[in-house]
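Spelled out from the first residue to the last, the chains are:
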Amino acid sequence: MSKNLKIGAYLILAAFFFVGPWLLPGFGRYGSGAAVAVGAIFAGCFGNPLLERTSKWVSPLLGWAIVGMGFGMNLPQVLRAGADGVLYTAVGISLGLGLGIWLGKRLKLTRDSLMLISVGTSICGGSAIAAAAPVLKAKAHDIALATAIVFLLNAVALLISPPLGHLLGFDQSQFGLWSALAIHDTSSVVGATMQYGDQALEVGTTVKLARALWIVPVTLFLSWLVNRGQETERRGFRLRVPWFIPGFLIAALVVTLLPATRTLGGQLQELSKHLMLLTLFLIGSNLSFSRIRELGIRPVIHGVVLWVILATLWGGAIACGLTA
């Protein structure tokens, strides 16, 4: 297939996932898994002909999609859902970091690899890795390694979590909480909960964004851990809080304080779901199978085992009513 033909086919698929919810009833709810899968299959068969561009588009498109979802939510409910998940988030992050460091040492991973994979799994995927990497002074190879593992597990989680949620008998609120605590990246949490229902989407998104705020204290802790005993040489760093978190809250605040904007807000939220499907397709198409083959087995084992343990513990706790 010629490059121009690949580009044309790629753009047609991307456009389909954006307009699909308008063309096919129910597609918006169930299309998120298909978007990632089709993107990955296309990349695996033909390669992503626009990889250099789409890798730059994902982050801003994801951010705007999340902000748009805030226009359809009530701020007091958002804050209540976030507050209800604070304790679970704190426990999950502490458990994830502890288990991740212990398991990484058993597997004899480098300090940076085990820390980045643990942080990405415990907090919010790629955003947490990007925030922690400068503090650790991590090498490019370790950053790419951790990012690739977390990215791969995100795609798997988005596809298998909704069927598992139904199998476990989770209602929408339970599934939203489980997704926020057990899935790495915000995009996959949104994609999974979109398939489950509007309440699952609201709970999952708000608890996940509250979880993402833990980038700040965890980054400060890592800085102290790295710099302790080095009084003469302080390593500078910048805290990186994803911009879409305050954007989401501001959007919810606007429609809460100005009831006249709720109709427009609902339309923006609906549009953001279309944008999210497009973003998920781009995420799937950015998957590099050659990079996956180069990862090596021990870091993959570390990421998979840590994720499975945390997801199982939270799923069991929710199923048994321990998080009520």
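Conventions and cut-offs
Residues numbered from 1 in each chain as written. Predicted model: local features only at pLDDT ≥ 70, side-chain atom pairs only at ≥ 80, totals over all residues. Heavy atoms only, no water. Helix = DSSP H or I, 4+ residues; strand = E, 2+ residues; numbered from the N terminus. Buried < 20%, exposed > 50% of the residue type's maximum accessible area, 1.4 Å probe, protein only. Contact = heavy atoms within 4.5 Å. Areas by Shrake-Rupley, 256 points an atom, 1.4 Å probe, with all protein chains shown as cover. Phe/Tyr/Trp six-rings, centres within 6.5 Å; stacked < 30°, edge-to-face > 60°. Expected span 1.5 Å × (residues − 1). Patch = residues over 30% accessible without salt bridge, like charges linked within 9 Å, V, L, I, M, F, W, Y side chains within 5 Å. Salt bridge = Lys/Arg side-chain N within 4 Å of Asp/Glu carboxyl O. Lys, Arg positive; Asp, Glu negative; His and termini not counted. Charge placed at Lys NZ, Arg CZ, Asp CG, Glu CD. Axes fitted to C-alpha atoms, helices over the stretch in contact; angles between N-to-C directions. Parallel < 35°, antiparallel > 145°, perpendicular 65-115°, else oblique. Left-handed = near helix turned anticlockwise from the far one by under 90°. Nonpolar A, V, L, I, M, F, W, Y, C, P; charged D, E, K, R; others polar. Core = buried A, V, L, I, M, F, W, Y, C linked by side-chain atoms within 4.5 Å.

Right, let's get into the overall build of the chain. Secondary structure assignment for the chain yields 16 helices and zero strands. Expressed as a percentage of the 324 residues in the chain, the buried residues total 51%. Taking all contacts inside the chain whose residues are at least 6 apart in sequence as the whole, residues at least 24 apart take part in 81%. If you sum the accessible surface of the chain, you get close to 14800 Å²; carbon and sulfur atoms cover 67% of it.

With that out of the way, let us pick up the packing of aromatic side chains. For the structure on display, the rule yields nine aromatic pairs. Consider the rings of F170 and W178, whose centres lie 5.6 Å apart with planes at 75°: the pair is edge-to-face. By relative accessible area, F170 is classed as buried at 6%. With a centroid separation of 6.1 Å and 65° between ring planes, the pair formed by F175 and W178 is classed as edge-to-face. Linking F175 with W178, this pair stays in helix α9 (residues 172–182), spanning three residues, or about one helical turn. According to the relative accessible area criterion, F175 is buried, its value standing at 0%. Joined through ring pairs, the aromatic side chains of Y10, F16, F17, F42, F46 and F281 make up one cluster.

Moving on, we get to helix α13 (residues 244–257). End to end, α13 covers 20 Å across 14 residues, agreeing with the expected 20 Å (1.5 Å per residue, within 8%). Within α13 the residues assigned to the buried category are F244, I245, G247, F248, A251, A252 and V255.

With respect to the secondary-structure elements, I149 resides in helix α8 (residues 140–167). For I149, a relative accessible area of 3% puts it in the buried group. Once the C-alpha coordinates of I149 and G125 are considered, the two residues, 24 residues apart in sequence, prove to be 9.6 Å apart.

Moving on, we get to a positive patch on the surface. On the surface, a cluster of positive charge is contributed by K105, R106, K108 and R298. What makes R106 partly exposed here is its relative accessible area of 47%.

For the rest of this paragraph, the subject is the packing of α9 against helix α11 (residues 198–212). The interhelical angle for the contact between α9 and α11, taken along N-to-C directions, is 30°, at an axis separation of 7 Å. As summarised for this structure, α9 and α11 are arranged roughly parallel, according to the angle between their axes. Of the two possible hands of crossing, α9 and α11 adopt the one that is right-handed. Contacts between α9 and α11 involve Q172, S173, F175, G176, L177, A180, L181 and A182 from the former and D198, Q199, A200, V203, G204, V207, K208 and R211 from the latter. By residue class, the composition of the contact of α9 with α11 is eight nonpolar, five polar and three charged.

To continue, consider the pattern of salt bridges. Applying the stated rule across the entire model yields two salt bridges. The salt bridge involving K273 is made with D198; its shortest N-O contact spans 3.3 Å. Here K273 is found in helix α14 (residues 262–285), whereas its partner D198 is found in helix α11, with 75 residues between them in sequence.

So, on to the nonpolar core. Among the nonpolar cores identified, the biggest contains 84 residues, and L116, V119, I123 and M276 are the most heavily contacted of them. Contacts of L116, omitting those with residues within four sequence positions, involve I129, A132, A133, L136, A138, D142, I143 and A146.

The next thing to look at is unusual backbone geometry. In this model, K108 sits at a positive phi of 60°, which is unusual for a non-glycine residue. Summarising the element assignment, K108 is placed in the loop between α5 (86–106) and α6 (111–122). The class for K108 is exposed, based on a relative accessible area of 65%.

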